Amino acid sequence: MWKHYLKVAWRNLKRAKTFSLINIIGLSLGLTCSILILLFVKDELSFDRFHEKGQQIYRINSKSTVNGETGQSSITGTLEGPRFEQNVPGIKAFIRYQQAGTNIKRGTDVEPLRLFRTDSNFFQVFSFPLIAGDPATCLKDPYSIVLSKDEAIRQFGSTDIIGKTIQLKQDSAFVPYTVTAVAKNCPENSSIRFPALALFRASKADEQNDENWFSHYLNTFVLLDKNANATQVEHQMQKYFQKDASGTFHAMLQKFGIPENSISLPIYQLQPLERMHLDKDVHSGNGIVATGNITNAYIMGAIALFILLIACINFINLTVARSIKRAKEIGIRKVVGSTKKQLTAQFMGESILLCLIAFTLALILTKATLPLFNSLSNKSLSLSYLFDGKLTAELIALFLLTSFIAGFYPAMVLTRYEPTKILYNRFQVAGKNYLQKSLVVLQFVLATCLVALTFVLYQQFKYITSANLGYDDSNLVLIEQYDNHSKGQLFTKLLAENPNIQEVAAKNAGNNSTIGKITSGEIINFRKDLITPNYLTELKIPMVQGRNFSMTNASDSVDKVLVNEAFVKKAGWTDPLGQKITFTTENNKTAEIIGVVKNYHYGSMNENIEPQLFKWQDVQDLNGFYIKIKPGNTTQALAFIKKAYQQVYPMSPYSYNFVQASNKLQYSDIEKWRQILFFGGLITILISFMGLYGLSVLSSERRKKEIGIRKVYGATVSSITRLLTTDYLKLVLIAFIIATPLTIIAARKFLQTMLYRIPLSVELFIIPDILVILLAFITVYLQTRQSAITNPVKSLKNE
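Not measured: the values here are computed from a predicted model.

A. Representation of the side chain of Thr-492. With respect to the helices, strands and loops of the structure, Thr-492 is situated in helix H14 (residues 488-496). For Thr-492, a relative accessible area of 14% puts it in the buried group. Polar contacts involving the side chain of Thr-492 include one to the main-chain carbonyl oxygen of Gln-489, which spans 3.0 Å. Dropping the residues within four chain positions of it, Thr-492 is found in contact with Val-504, Val-619 and Phe-625.

B. Examining the environment of Thr-743 more closely. On the secondary structure map, Thr-743 appears in helix H22 (residues 717-751). What makes Thr-743 buried here is its relative accessible area of 2%. Considered as a pair, Thr-743 and Val-456 are 287 residues apart in the sequence and their alpha carbons are 9.5 Å apart. Once residues lying within four places of it in the same chain are set aside, the contact partners of Thr-743 are Cys-449, Ala-452, Leu-453 and Phe-765.

C. Region of interest: the packing of aromatic side chains. Scanning the entire structure with this criterion turns up 37 aromatic pairs. With a centroid separation of 4.8 Å and 90° between ring planes, the pair formed by Phe-241 and Tyr-268 is classed as edge-to-face. Here Tyr-268 lies in strand S13 (residues 267-272) and Phe-241 lies in helix H7 (residues 230-255), a separation of 27 residues in the sequence. With centroids separated by 5.0 Å and ring planes inclined at 45°, the aromatic side chains of Tyr-645 and Tyr-649 adopt a geometry described as tilted. Overall, Tyr-649 belongs to the buried group, its relative accessible area being 3%. Grouping aromatic residues by their ring pairs yields a cluster made of Phe-50, Tyr-97, Phe-116, Phe-122, Phe-123, Phe-126, Phe-128, Phe-194 and Phe-221. Sitting above the plane of the Tyr-143 ring, Arg-201 keeps its charged end 4.5 Å from the centroid. A cation over a ring is seen here: Lys-528 above Phe-583, with NZ or CZ 4.6 Å from the ring centre.

D. Just the pattern of salt bridges, in detail. For the structure shown, the criterion picks out 17 salt bridges. Through salt bridges with shared partners, one network takes in Arg-106, Glu-111, Glu-151 and Arg-154.

E. Examining the packing of helix H3 (residues 80-87) against H7 more closely. It is at 10 Å that the axes of H3 and H7 come closest, and there the two elements cross at 110°. One element, H3, and the other, H7, form an angle in the roughly perpendicular class. Considering how the two elements wind past one another, H3 and H7 form a crossing that is right-handed. Along its contact with H3, which presents Arg-83, Phe-84 and Asn-87, the element H7 presents Met-237, Tyr-240, Phe-241 and Asp-244. Its residues placed into classes, the contact of H3 with H7 shows four nonpolar, one polar and two charged.

What counts, and at which threshold
Residues numbered from 1 in each chain as written. Predicted model: local features only at pLDDT ≥ 70, side-chain atom pairs only at ≥ 80, totals over all residues. Heavy atoms only, no water. Helix = DSSP H or I, 4+ residues; strand = E, 2+ residues; numbered from the N terminus. Buried < 20%, exposed > 50% of the residue type's maximum accessible area, 1.4 Å probe, protein only. Polar contact = N/O pair within 3.5 Å; in protein donor to acceptor, adjacent residues only side chain to side chain. Contact = heavy atoms within 4.5 Å. Phe/Tyr/Trp six-rings, centres within 6.5 Å; stacked < 30°, edge-to-face > 60°. Lys NZ or Arg CZ within 6 Å of the ring centre and 35° of its normal. Salt bridge = Lys/Arg side-chain N within 4 Å of Asp/Glu carboxyl O. Axes fitted to C-alpha atoms, helices over the stretch in contact; angles between N-to-C directions. Parallel < 35°, antiparallel > 145°, perpendicular 65-115°, else oblique. Left-handed = near helix turned anticlockwise from the far one by under 90°. Nonpolar A, V, L, I, M, F, W, Y, C, P; charged D, E, K, R; others polar.

Have a look at this one:
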C-alpha cells in the first residue's frame, strides 16, 4: 500500500514540476537555516560539558561595590586558590590559569606565542587528553612546556617532540623550555583553549603577602568533593576571607586615603564550570573564551523558525490552490471506495516524500554554507556534530514536524471534497479562502519585518562607523611594544627622519584605570593615560579650557595634569582649572589641573566616555606609538617603520594596526548581525515571492476561462492585469500595515541597547516596505500579464 502511495506521490511531483520545485527549494532553505541554528545552539549549550569532573569544577568569581556601583568579576589573584584549599572544607584542589603571552625565538626570527601558565595538576582536574606525555608530571618542572597538537606541528612539524626545547623570552633573555607533553587540540566548545602551557609561578613572598588578596590578574578554579554543597562551601569561603583579609583591606584603605564607605570588601562566589559560558552577568577574561549570549541563539532560532514557517505556508497555499486540478482524482478515489484515512495517508505520503527530498538537499546546502555561517557566528561548527545522538533525534523530529505541518492541513482540506459535486462540476474551491489569504499576509509580515530590521541595522552600523569620534584617526598607525620600555626615544627619532611620516606621538599601551581623591575628598575612578605633549595635537583632540602641556614649562612634567569633560562633570566642578587631585595609590602625590580636553571616543561608541586624566611622560618610558603617515605613501612608510622597529627592538616581534580599521573592528558584532538579518531577509523574500508567483500562476489558470470571456467582451490587457494583481497586492499592503508597528517596536528595543543611535524616522520603514511591495507587484505582474495576453480562443475552444 505504501509503495503505491509513494509511486503516485512521485508521479504527482513530476507532473507539477514548477510547484514541486518551489516547495522543495523553499523547504530546503528553511530546513538548512534550522539545521544551522541547531548546530549553533548545540555548540553553545555543550560548552565545557566534556570534562569528566565537570560537575565538581567551579570558577571563583567576586562581587564588590565601589562608590555605590556593584560589579562582578571573574578575575582573582594569587592567594584565593591555595588559601581556600587549605582552610575551606570541601575543596579538593585548585587551578590558577593565567594568560601570559610571550615571544619565541626560532633561529633569528622572533614571533609571539600565546602562552598560558597554570598549576601542575591542570591535566588531573580538566579532561584535556594528551597525545604524548604524563598528565601527572608534565608541568612539574618550572622550565617544562606543553604544546597543543597544532602548535607542536607549527613549531616542529611533528607531534613526536618530547624532550625537544624551545626558546621563550623571559625578562630580557631567551630561556630554553623542554617539551614534556603534547595535548590534543582543545575542543571548539571549550572555554579554555591553549596552544601552550607552562607552570604558574608565584614566589613564597607573594603567597605570604596578604595584600595579594586584592591584586587580581588571573582565573582560579576549584575542584569540590563529590558530596560537597557548593552553597555551603561558598559561605565558608567568605567567612574565612573576612577573617583573613579584612584587617589588610582596612589597612590598605587607610594607606591610600580611601574612605571606608566608598568601597566594600569583595564577596566571593562559586560559578559552575558548565554554566560559565552563558552567564551574562559575569564576563570572562584573561585567556578564557568570551562569554556567549543565549539571546543570540534565540534571535537566530526565531529567524530560522520564520523562514521554515514561510516555506511551510508556501506548501500549504500551493497545495490547496492546486486542489482544483486534483479534485476529480479525489472524487473518483472516493467513488471507488477510498476512505478518508487512506486519502489522508496518500497526501501525507506526498508531503513526507517532498520533505525527504528537501531534507536531503538541506544537508547538502548546510555543508556548502557552513563556512559562511561560521564566519557570521564566530564559530567553527562541523557537520560531524550531526552524528551526536541527541542532535540526530532533534533533526528527525524537525523532519517529521515539518512534514506534518506542511501536509496535515492540505490533506484535511482535500479529503473533505464531496465526490458528487466534483464529478458533476458543481465544485467550488474553499469559498473566500480566508486561511490562504491569512497565510500569505503572515508570510509578508515576517519578510517585511526582517527586511526593515536589516535596513535599520545597516543605518545604525553606518552611523557609528562614520561618526565623528572627536579625534582624527585617518592614516594613523599604532604600534604597541610590551617588551622594552627604554628605547622609545631612539625609535621615535628614527621615524622622524623619514619624509613619509608626518609626526610620532607616544602613549602608554593599553588602558590603565585607577582612583584618585579630589579637593572635596571624594574618590573618583578614572582612566589614566601617560602621553607625550604632542599626543593631543597629532590626533587633533581640542582643548576646551586652559592649555596643553608646554615643552618650555618644566613643571608640567612633574605635577600638572589634564582631564576630560567627563572628569569635570563627575567631579562636579564649575571651574576645573587649578583644582588638585591626589593619587592615593602613588604615595598621595598631588597634581594640578591646567587644562580640560574635549571628550573623545577612546573606546567604542557602545561605551560611555568615562573620566580621563592625562599626565606628561617622557617618550623613553612609553610603549604605544601613534605614527601619522602622509596620505599616498603608506607602503613606503610601513616598510621603513618595520625596518626601524627591528633595528631598535630586535628581540620583539613586529606588528602594527591602523587605528581607523581597529575602530571599525569594534563593531564587528553589529556588522555580523546585519549580515545575518540580511541573509535571513533575502531568504524569506525569495521563498515568499516564489510562493506568490506560484499562487498567481494557479489563480491565472483557474480563471483562464473568465479571462477569455472578458477579452471577448472587449476587456483590455491592462484592465485584466489590474484585476488579477489587485487581490494579491491588497494582501501585501495589509502585511505592510501589520508589519510596520511590529518593526518599530523591535527596532526601538534594539536601538535602546545603543548609547549612540540613529533617530527612528519614517523612511527607515517606508523604504524597505516600498521595496517589498514593488518586488511583489513585479512578481505578480509578470505572470498575470502573460495570462492576460493569451489568445481567448485557447481558453474557450472546449466550451
